[in-house]
Amino acid sequence: MNAPNPSGWKPTVPTAATSDGATTTGNRALMLEEKLIFEIGDNESTGVDFDDQAPIPEQGEVSAQPAEGGSRLANLARTAPINLPGLSEPETVRHYTRLSRQNYAIDLGLFPLGSCTMKHNPRLNEKMARLPGFADIHPLQPQETVQGAFELIDTLAHWLIELTGMHSVAMSPKAGAHGELCGILSIRAALEARGDARSVVLVPESAHGTNPATAAFAGYKVEDIPATREGRVDLAALKARLGPDVAAVMITNPNTCGLFEPEMKAISDAVHAAGGLVYCDGANFNAIVGRVRPGDLGIDAMHINLHKTFSTPHGGGGPGSGPVVLSEALSPFAPLPYVERHVGGYRMVEEETAHDQGSDSFGRMVAFHGQMGMFSRALSYILSHGADGLRQVAEDSVLNANYLLRSLEDVLDAPFAYSGPCMHEAIFSDKGFAEGFSTIDVAKALIDEGFHPMTMYFPLVVHGAMLVEPTETESKANLDQFIVALRSIAERARAGDEALKAAPVFAPRHRLDETLAARKPVLTYQKATLSED
């Protein structure tokens with residue numbers, strides 16, 4: 001006999017478990033099927049009961065007995081539908097917990113996103129960031145009550161200057177692209193101060209995509225500099241374009257092909273000789289930290305992604321932090337505010353005066369100084385690693401990337417493998433796959449193997465690019481498992497295995513029509529009518 005079904009709920013899958021794994025509920029053991037929150041709750045119910053007709057006590061009454069007909073909600077009562085589903089607390093918690101189980105995270109496995117450095121964040125750093133003296137302070141507290149926080153910021157600034165060989169650092173930028181803007185605005189202020197306003201910023205093809213966007217946002221005309229067949233900046237083409245209208249060159253080093261620019265010093269010298277300045281995108285600093293000081297290469301400004309090189313959380317929209325180290329030529333133009341050590345402690349300089357180092361500052365970028373949680377995590381990372389540990393971070397990230405490169409170059413096209421070792425990330429392409437197969441098929445199949453896909457179709461200088469960054473925190477055993485999976489998928493793509501087109505088949509959701517999703521995105525939820533299937 002069938003069990004009663006008073007709710008009227010109907011299964012959306014076959015009503016008995018079958019050999020292909022279908023179940024009555026749609027759940028598969030601990031992989032639970034989850035509907036949209038709008039499909040779980042409805043607009044007519046609420047997870048909390050309000051006795052909105054309960055009367056309100058009269059003024060001065062101690063008794064909880066209010067006047068007849070009053071409401072505890074008073075003028076807070078809704079007058080129109082809120083159009084949100086009403087769920088109880090257990091339903092809400094379970095909904096978001098089930099969704100979280102369908103998400104991939106660095107605590108689950110290898111996260112091979114090239115140029116993103118999704119590596120393990122030591123829990124020690126998280127503990128330090130949660131100390132009340134750092135986590136609970138308020139930006140409007142009196143300065144004498146946050147001297148410890150100021151000392152932490154000043155100490156971190158000291159080590160960032162030491163590691164980069166630069167003259168000063170602006171700590172306030174909130175992320176990488178924000179740091180880029182800080183550097184370009186500093187460059188513009190320096191040029192204008194000498195009466196030499198210029199209009200063009202040169203950006204190599206191998207730079208991060210945010211570089212030209214930042215230059216354009218700052219009001220500059222952007223021109224490309226081509227790459228050589230080895231994937232590096234064409235020095236001859238750069239020198240040929242330099243002139244009195246070029247304000248700066250924005251260069252990523254190591255670049256987005258995962259390659260170090262060996263002619264960086266020659267590039268800087270040429271730009272300086274032409275009256276320009278050099279901005280370096282330091283997003284890939286984790287590949288050279290402790291090994292190379294950008295200041296020795298003639299760099300004038302470089303942002304550092306604390307949320308990449310120095311372990312703080314990355315992804316999900318933040319939080320980020322992008323301090324900008326500056327050369328001596330640019331230091332007077334750094335943004336406000338900044339922390340300054342003085343007799344008896346520290347102070348935050350928020351307004352420029354003739355006696356302050358920031359008297360030529362281009363202005364203020366943020367309301368407050370920076371990301372305190374990011375600062376405490378980064379300093380914890382630096383101090384716990386020490387000089388030798390930070391050097392090993394770079395060495396291990398480069399070693400792991402080259403191990404992947406050489407282990408896969410016989411089944412995946414590696415366009416720059418012939419030009420020598422890569423840095424922290426290895427780049428492959430879809431060249432050599434069977435007709436009709438491309439990078440997207442490899443990425444989707446990796447999901448079935450339990451790995452987050454690598455960065456796809458970036459950088460644009462490589463057709464069908466697959467940019468893989470193992471980071472320094474992965475063991476050889478983890479890399480070997482990833483290599484076995486990727487080799488198998490690559491061989492299937494080369495052989496034209498049509499089953500690859502269906503991947504992923506084991507994920508909670510299967511492959512979408514990405515063209516349709518891009519051209520006709522469904523951005524709002526609409527409840528199905530009774531006439532719809």
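Residues numbered from 1 in each chain as written. Predicted model: local features only at pLDDT ≥ 70, side-chain atom pairs only at ≥ 80, totals over all residues. Heavy atoms only, no water.

S.K.: Whenever I open this one, the overall build of the protein confuses me. Can you help?
M.R.: Assigned secondary structure in the protein consists of 14 helices and 12 strands. Out of the 533 residues in the protein, the part that is buried amounts to 45%. Sequence separation of at least 24 residues holds for 68% of the intrachain contacts in the protein that already meet a minimum separation of 6. By element, 55% of the accessible surface of the protein is carried by carbon and sulfur atoms, the whole surface being about 27,500 Å². (Helix = DSSP H or I, 4+ residues; strand = E, 2+ residues; numbered from the N terminus. Buried < 20%, exposed > 50% of the residue type's maximum accessible area, 1.4 Å probe, protein only. Contact = heavy atoms within 4.5 Å. Areas by Shrake-Rupley, 256 points an atom, 1.4 Å probe, with all protein chains shown as cover.)

S.K.: What should I look at first to understand helix H6 (residues 176-193) in this one?
M.R.: Because an α-helix packs 3.6 residues into every turn, residues spaced three or four apart end up facing the same way. In this model H6 runs 26 Å from its N-terminal to its C-terminal C-alpha over 18 residues, within 8% of the 26 Å that 1.5 Å per residue would give. In terms of residue burial, H6 counts as a mostly covered element, since 13 of its 18 residues are buried. Following H6 by one or two positions, Gly 195 has its phi on the positive side, about 70 degrees. (Expected span 1.5 Å × (residues − 1).)

S.K.: Teacher, can you tell me more about helix H5 (residues 147-164) here?
M.R.: Along its 18 residues, H5 runs 26 Å from first to last C-alpha, staying within 8% of the 26 Å computed at 1.5 Å per residue. Just beyond H5, the residue with positive phi is Gly 165, at close to 70 degrees.

S.K.: What's the story with the nonpolar core in this structure? I'm lost.
M.R.: One broad trend across soluble globular proteins is that nonpolar side chains are buried collectively. If you look at the biggest cluster of nonpolar residues, it comprises 53 residues, and the most contacted ones within it are Leu 156, Leu 160 and Phe 310. Of all the secondary-structure elements, those providing two or more residues to this core are H5, strand E2 (200-204), helix H8 (235-241), strand E4 (246-252), helix H9 (264-273), strand E5 (277-281), strand E9 (345-349) and helix H11 (372-408). Counting residues per element, this core draws most heavily on H11, which supplies 10 residues. Look past the residues within four positions of Leu 160 in its chain and what remains in contact with it is Val 169, Met 171, Ile 304, Leu 306, Phe 310, Pro 323, Val 325 and Ile 382. Core analysis: the next-biggest nonpolar cluster, separate from the first, contains 43 residues, Met 118, Cys 257, Leu 405 and Phe 482 among them. (Core = buried A, V, L, I, M, F, W, Y, C linked by side-chain atoms within 4.5 Å.)

S.K.: Would you mind going over the sheet that holds strand E11 (residues 455-456) with me for this structure?
M.R.: Within a sheet, adjacent strands bond to each other through the backbone by hydrogen bonds, running parallel or antiparallel. Taken together, three strands build an open sheet; the order of strands is E10-E12-E11 and the sheet is antiparallel. Edge positions in the sheet fall to strand E10 (426-428) and E11, since each of these pairs with one other strand and no more. (Pairing = 2+ DSSP bridges.)

S.K.: Could you clarify how one ought to interpret the pairing of E5 in this entry?
M.R.: The side chains of a regular strand alternate between both faces of the sheet. E5 sits mainly inside the fold: five of its five residues count as buried. Going residue by residue along E5, you find Leu 277, Tyr 279 and Asp 281 tucked away on one face and Val 278 and Cys 280 tucked away on the opposite face as well. Both E4 and E5 contribute to a ladder of five bridges, which runs parallel. Paired with Met 250 across the strands is Tyr 279, a residue of E5. Between E4 and its parallel partner E5, the chain crosses via H9, and the hand of that crossover is right-handed. The pairing of E5 with strand E6 (residues 301-303) spans three bridges and is classified as parallel. Across the sheet, residue Cys 280 finds its bridge partner in E6, namely Met 302. (Right-handed = clockwise from strand over helix to strand, strands pointing away.)

S.K.: Can you walk me through the packing of aromatic side chains in this structure?
M.R.: In this description, an aromatic ring pair is defined by two values, namely the gap between the centres and the angle between the planes. Taken as a whole, this structure holds three aromatic pairs when the rule is applied. Ring geometry for Phe 310 versus Tyr 381: centroids 6.2 Å apart, planes at 70 degrees, classification edge-to-face. With Phe 310 in the loop between helix H10 (306-309) and strand E7 (324-326) and Tyr 381 in helix H11, this residue pair connects regions lying 71 residues apart in the sequence. Taking the centre distance of 5.1 Å and the plane angle of 80 degrees together, the rings of Phe 451 and Phe 482 count as edge-to-face. Of this pair, Phe 451 sits in the loop between helix H12 (439-448) and E11 while Phe 482 sits in helix H13 (residues 476-495), placing them 31 residues apart in sequence. (Phe/Tyr/Trp six-rings, centres within 6.5 Å; stacked < 30°, edge-to-face > 60°.)

S.K.: Looking at this structure, I do not really get unusual backbone geometry. What am I missing?
M.R.: For residues other than glycine, phi is negative in most cases, and the peptide bonds are mostly trans. Cis geometry is found at the peptide bond from Asn 253 to Pro 254, where omega equals -5 degrees. The topology assignment puts Pro 254 in the loop between E4 and H9. Going from Leu 336 to Pro 337, the amide bond is cis rather than trans, its omega being -5 degrees.

S.K.: Where do I start with the pattern of salt bridges in this structure?
M.R.: For side chains bearing opposite charge, pairing can occur when the charged atoms are close. Counting across every chain of the model gives 26 salt bridges. A salt bridge links Asp 245 to Arg 241, with the shortest nitrogen-to-oxygen separation between them at 2.9 Å. Take Asp 245: its relative accessible area is 26%, and that puts it in the partly exposed class. Here Arg 291 and Glu 395 are joined by a salt bridge, their closest N and O atoms 3.1 Å apart. With Arg 291 in the loop between E5 and E6 and Glu 395 in helix H11, this pair connects stretches of sequence that are 104 residues apart. (Salt bridge = Lys/Arg side-chain N within 4 Å of Asp/Glu carboxyl O.)

S.K.: Help me understand the side chain of Asn 305, please; the structure alone is not making it clear to me.
M.R.: Take Asn 305: it is sitting in the loop between E6 and H10. Judged by relative accessible area, Asn 305 falls into the buried class, the value being 7%. Looking at Asn 305, its side chain comes within polar contact range of the side chain of His 303, at 3.3 Å. With residues near it in sequence (within four places) discarded, Asn 305 still touches Ala 175, Gly 176, Gly 282, Ala 283, Phe 310 and Ser 321. (Polar contact = N/O pair within 3.5 Å; in protein donor to acceptor, adjacent residues only side chain to side chain.)

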